[in-house]
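Breakdown of the fold
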Amino acid sequence: MRRRSLLAMGAAGGAAAVLGTGASALASPAAAGLAVRPSANPGTSPTSLRALAAKIGLRFGTALIPQDIETPAWAAIAASQFSVVTPGNGMKWQIVEPTQGVYDWSQADQLVAFARANGQLVRGHTLLWHNQLPTWLTTGVANGTITNAQLKQLLHNHIQVEVSRYRGRIWQWDVANEFFLDANPSGIDPNNFWISHLGPDIIPQAFRWAHAADPGALLFYNDYNITGEDGTNAKSDAVYAWLKQMLSEGVPIMGVGSQGHLDTQYGFSPQLFQQDLERYASLGLKVAITEADVRTFVNNATDQVPTDHLAVFAQPYEFSGMLKAALAVPQVISFTIWGFTDADSWVPGTFAGEGYATIYDVNQQPKPAYYELQADLELGAFGAPRRVPTPMP
Ligand code: 9MR
């Protein structure tokens with residue numbers, strides 16, 4: 001997600017970075033002897049992303065929507081390449097309680113069953129967010145039929161019901177999502193739906209409720225542009241200070257998720273990204289890359305061919321920069337991409353004219369970014385520190 005001025009990208013630095021990766025991006029599949037097709041049999045290919053990541057204890061993940069699971073050829077990729085999965089939408093309040101008191105767990109159950117069948121862990125996503133709330137809830141709050149006291153009670157119930165239902169089956173929960181302003185200085189957005197109605201204490205309260213419902217799950221704060229992507233590091237500074245404060249108050253926050261939604265038009269500093277990951281880790285937190293993708297301008301939403309030929313180099317370069325930074329920090333326990341195929345990425349529907357954001361093309365063929373990540377993981381298996389241990393579901 002992005003909100004930084006075009007000028008923030010230093011043109012020279014951006015171009016050098018792009019050129020620096022170009023040759024290897026295109027040469028890597030054949031030259032490195034890594035040209036694998038996704039295995040139809042989960043876990044059988046020693047060069048799958050999940051198998052390579054496993055050598056240092058890292059979980060490599062993707063978000064999944066029902067189509068990914070229900071289309072056999074897509075499910076084969078999802079099963080064979082990834083060792084942790086996140087429901088793209090299936091655990092959000094709007095989906096699980098579309099009518100007050102009437103639950104629909106079908107998407108969430110499908111995801112959890114798929115993970116179990118394929119030896120994958122699950123990242124639950126997400127309990128407290130201003131977006132994708134049920135209409136009955138937002139309408140009731142707007143017209144006054146739901147008071148603030150009732151809203152708080154409804155949230156408590158939502159967290160208790162959902163976290164309890166999957167107790168013992170979720171590795172990491174994104175408890176709270178996207179509360180900080182894209183501004184310098186940043187801070188918790190006072191106009192956020194939850195903050196404006198219930199005040200900032202609702203965030204630590206949500207963590208306490210989630211912890212009570214599943215004491216074994218790792219509870220995460222998750223946000224975008226919190227690893228230097230804003231160019232100023234203002235949002236990272238604010239999130240870091242808030243996390244430090246929360247931890248000093250004994251709030252059960254165990255991890256921070258950096259989403260990693262990049263766009264080639266804005267440039268990217270892998271160094272700052274790594275420094276910020278290290279800074280969160282220094283608080284004693286686990287760290288996860290939770291929604292990585294790298295979008296760029298494309299010819300159309302169907303074919304998603306980049307219109308700038310340099311984007312074909314920049315896109316894998318930025319993916320690789322995120323992964324290399326993550327590999328350097330042993331507290332980074334998972335690296336998740338936000339959907340594996342351009343065919344069902346959220347990007348074309350949200351950013352007009354953009355796409356090409358994932359690591360497989362619209363026909364589910366691996367792109368240069370796939371091979372870059374594969375090569376990074378293969379090298380990482382020799383040099384990167386092993387991941388810190390975590391409680392397992
Ligand atoms: O991928 C999700 C997309 O299908 C939804 O329409 C969208 C609604 O806002 O949410 C997308 O996922 C978001 C995630 O839950 C939180 N971080 C940003 C992601 C992309 O918008």
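The preceding data block contains the structure.
Residues numbered from 1 in each chain as written. Predicted model: local features only at pLDDT ≥ 70, side-chain atom pairs only at ≥ 80, totals over all residues. Heavy atoms only, no water.

Let us look at the nonpolar core. If you look at the biggest cluster of nonpolar residues, it comprises 98 residues, and the most contacted ones within it are F60 and W194. At 7 residues, the largest contribution of residues to this core is made by helix α10 (residues 202-213). Here F60 is in contact with L49, R50, A53, F82, S83, V84, L323, F335, I337, L373 and L377, once residues within four sequence places are set aside. With 7 residues, the next largest nonpolar core counts L121, W171, F220 and I333 among its residues. (Core = buried A, V, L, I, M, F, W, Y, C linked by side-chain atoms within 4.5 Å. Buried < 20%, exposed > 50% of the residue type's maximum accessible area, 1.4 Å probe, protein only. Helix = DSSP H or I, 4+ residues; strand = E, 2+ residues; numbered from the N terminus. Contact = heavy atoms within 4.5 Å.)

Turning next to the pattern of salt bridges. Per the counting criterion, the structure on display carries 10 salt bridges. We note a salt bridge from R123 to D174, for which the minimum N-O separation is 2.7 Å. Of this pair, R123 sits in strand β3 (residues 121-128) while D174 sits in strand β4 (residues 172-177), placing them 51 residues apart in sequence. Assigned by exposure class, R123 and D174 land together as buried. (Salt bridge = Lys/Arg side-chain N within 4 Å of Asp/Glu carboxyl O.)

Neighbouring residues of the ligand: 14 residues in total, closest K92, H125, E178, E291 and W338. A distance of 2.7 Å separates an oxygen atom of the ligand from a polar atom in the side chain of H125. When the ligand sits alone it has 450 Å² of accessible area, and the protein chains cover 78% of it. Split into classes, the residues belonging to the shell around the ligand amount to 4 nonpolar, 7 polar and 3 charged. (Near = heavy atom within 4 Å. Polar contact = N/O pair within 3.5 Å; in protein donor to acceptor, adjacent residues only side chain to side chain. Areas by Shrake-Rupley, 256 points an atom, 1.4 Å probe, with all protein chains shown as cover. Nonpolar A, V, L, I, M, F, W, Y, C, P; charged D, E, K, R; others polar.)

In this structure, Q160 sits in helix α8 (residues 148-165). Q160 sits 54 residues away from D214 along the chain, and the two C-alpha atoms are 8.9 Å apart.

Judged by how many residues are buried, helix α4 (residues 72-81) sits mostly within the fold: 7 of 10 residues are covered. Considered for burial, the residues of α4 that qualify are W74, A75, I77, A78, A79, S80 and Q81. If you follow the buried residues of α4, they end up packed against α2 (49-54), β1 (59-64), α3 (66-70), α6 (106-117) and α15 (368-383).

Taken residue by residue, a regular strand's side chains alternate between the two faces of the sheet. Where burial is concerned, most of β1 is hidden: 5 out of the 6 residues are buried. Two strands pair when backbone bridges link them, and β1 and strand β9 (residues 332-337) are joined in this way by 4 bridges, in the parallel orientation. If you follow T62 over to β9, its bridge partner there is I337. Note: β1 against strand β2 (residues 84-87), 4 bridges, orientation parallel. The partner of T62 across the bridge, within β2, is V85. (Pairing = 2+ DSSP bridges.)

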